[in-house]
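# Close look at the chain arrangement
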Amino acid sequence: MNIIFLDWPCFCREASVAALKRLGHSVSFFFHSEYDLRRSAEFDAAFDAYLSKGNYDCVFSYNFYPLVSEGCKRNQLKYISVVYDAPHVSLYSYTIVYPCNYVFLFDRTQYQELANMGIPTVHYLPLSGDADHIDELLALPHNKERYCADVSFVGSLYNEDHNLFDRLTGLSDYTRGYLDAIMEAQLKVYGYYFIEEVLKKDILDEMKASMPYKAGNTGIQSDEFIYGDYFIGRKLTEMDRIRTLTSVAAQHPVRLYTLNSSYTAPGIENMGTVDYDREMPYVFHYSKINLNITLKSIKSGIPLRAIDIMSAGGFLMTNFQAELFEHFIPDEDFVYYNDLNDLNEKIHYYLEHEEERCRIAENGRNKIRRFHSFEQHFRDIFQIVF
């Protein structure tokens with residue numbers, strides 16, 4: 001097939017393109033700076049002009065973009081999108097219902113939510129891993145010392161300048177206390193996100209008055225979703241990640257690879273950022289224990305980080321995520337923790353039991369290679385679409 005790839009700075013670009021080519025498809029690249037807007041005459045004109053120059057079977061993108069959907073509907077072309085972000089507000093665009101769309105979601109809870117709303121264009125599919133990519137990287141010259149660690153974490157702390165929750169000012173003592181209470185309760189629960197359900201109208205009204213969020217009138221996103229997932233969910237993730245890393249670092253040295261290079265804490269060595277394709281697999285491969293601390297707005301799905309860790313032959317230590325148990329076996333392919341005490345005990349155990357740790361890491365990698373490769377998932381996608 002001839003496939004147009006929306007060429008924005010997404011994760012998984014190189015692995016996806018390589019897999020599509022191995023499957024015998026031709027890939028063309030289209031980019032426009034306004035790809036992520038809800039309306040853009042400039043994008044529409046550029047997209048239509050690009051399509052007029054060739055015969056294409058479908059457009060593919062990571063994450064879902066209403067302008068692309070509009071363009072595919074206008075040109076009678078199939079639009080395939082694989083969503084790895086959560087939350088992803090564009091999913092609640094009215095364009096999601098267009099018959100040209102085939103939207104693949106990695107979080108079954110989110111898929112069920114949209115499917116239950118009568119949206120027929122959504123499908124469930126876990127994210128893909130490139131287990132062979134690390135073999136190619138290991139053959140290249142690299143600085144192993146930069147990537148070795150007893151315990152490591154790769155990811156945002158969500159304490160950068162764009163933190164929305166911290167911009168809420170002028171809240172009443174009651175609202176501030178209510179939010180603090182539900183957030184502390186949520187931090188004690190793994191595997192179920194209830195914040196949206198307990199955001200009462202008076203609480204939401206104060207939050208909206210403090211910092212209005214205008215998503216436009218092009219979608220069906222609710223206030224509970226916006227403030228529960230974007231504002232509170234990211235703040236909760238910041239709190240969870242910092243508390244978890246601080247607890248672990250009190251007993252074991254931790255290497256942190258993150259956007260916020262100024263963050264410091266006892267026992268934590270901030271290594272700055274790593275390139276997703278060319279450095280991050282080394283961290284996962286060489287770290288004895290790789291932590292996954294899931295973004296709270298991922299309700300039940302397997303985060304991309306967890307897939308990437310196992311793909312690189314890394315040992316995955318993760319909080320509870322329900323769908324991990326559908327596709328992998330705990331203590332055989334990965335290890336999960338129930339709370340911080342449990343986490344620290346398991347870190348201590350697996351640092352002392354190298355053979356068992358390495359066996360689990362290899363099992364996880366083999367499962368990715370066998371069931372969750374990019375080639376296999378593209379076959380699954382094309383079987384549904386075509």
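From a predicted model like this one, the values you see are computed outputs, not experimental measurements. (Residues numbered from 1 in each chain as written. Predicted model: local features only at pLDDT ≥ 70, side-chain atom pairs only at ≥ 80, totals over all residues. Heavy atoms only, no water.)

Moving on: the sheet that holds strand β8 (residues 254–257). What holds strands together in a sheet is hydrogen bonding between their backbones, with the strands either parallel or antiparallel. Read from one edge of the open sheet, 6 strands run β9-β8-β7-β10-β11-β12, paired in parallel fashion. Sheet topology places β9 (268–270) and β12 (335–337) at the edges, where each strand pairs with a single neighbour. Here the strands of the sheet are splayed against their neighbours by 30° on average, with no regard to which way each runs. In this sheet, strand β11 (residues 316–319) lies alongside strand β10 (residues 287–292) in parallel orientation, the contact comprising 3 bridges. Across the sheet, N292 pairs through a bridge with T318, a residue of β11. Against the sheet, helix α14 (residues 340–352) engages β7 (149–154), β10, β11 and β12, with an angle of about 150° to β12. (Pairing = 2+ DSSP bridges. Helix = DSSP H or I, 4+ residues; strand = E, 2+ residues; numbered from the N terminus. Axes fitted to C-alpha atoms, helices over the stretch in contact; angles between N-to-C directions. Contact = heavy atoms within 4.5 Å.)

Pairing is parallel in the open sheet, where 6 strands are placed in the order β2-β1-β3-β4-β5-β6. Where the open sheet ends on each side, the last strands, each with one partner, are β2 (26–30) and β6 (122–124). In this sheet, adjacent strand axes meet at a mean angle of 25° when their direction is disregarded. Both strand β1 (residues 2–6) and strand β3 (residues 58–62) contribute to a ladder of 3 bridges, which runs parallel. Directly across from I4, in β3, lies its bridge partner V59. Contacting β1, β2 and β3, helix α2 (residues 41–51) crosses the sheet at an angle of about 155° to β2.

None of the figures reported here should be taken as evidence of function without further support.
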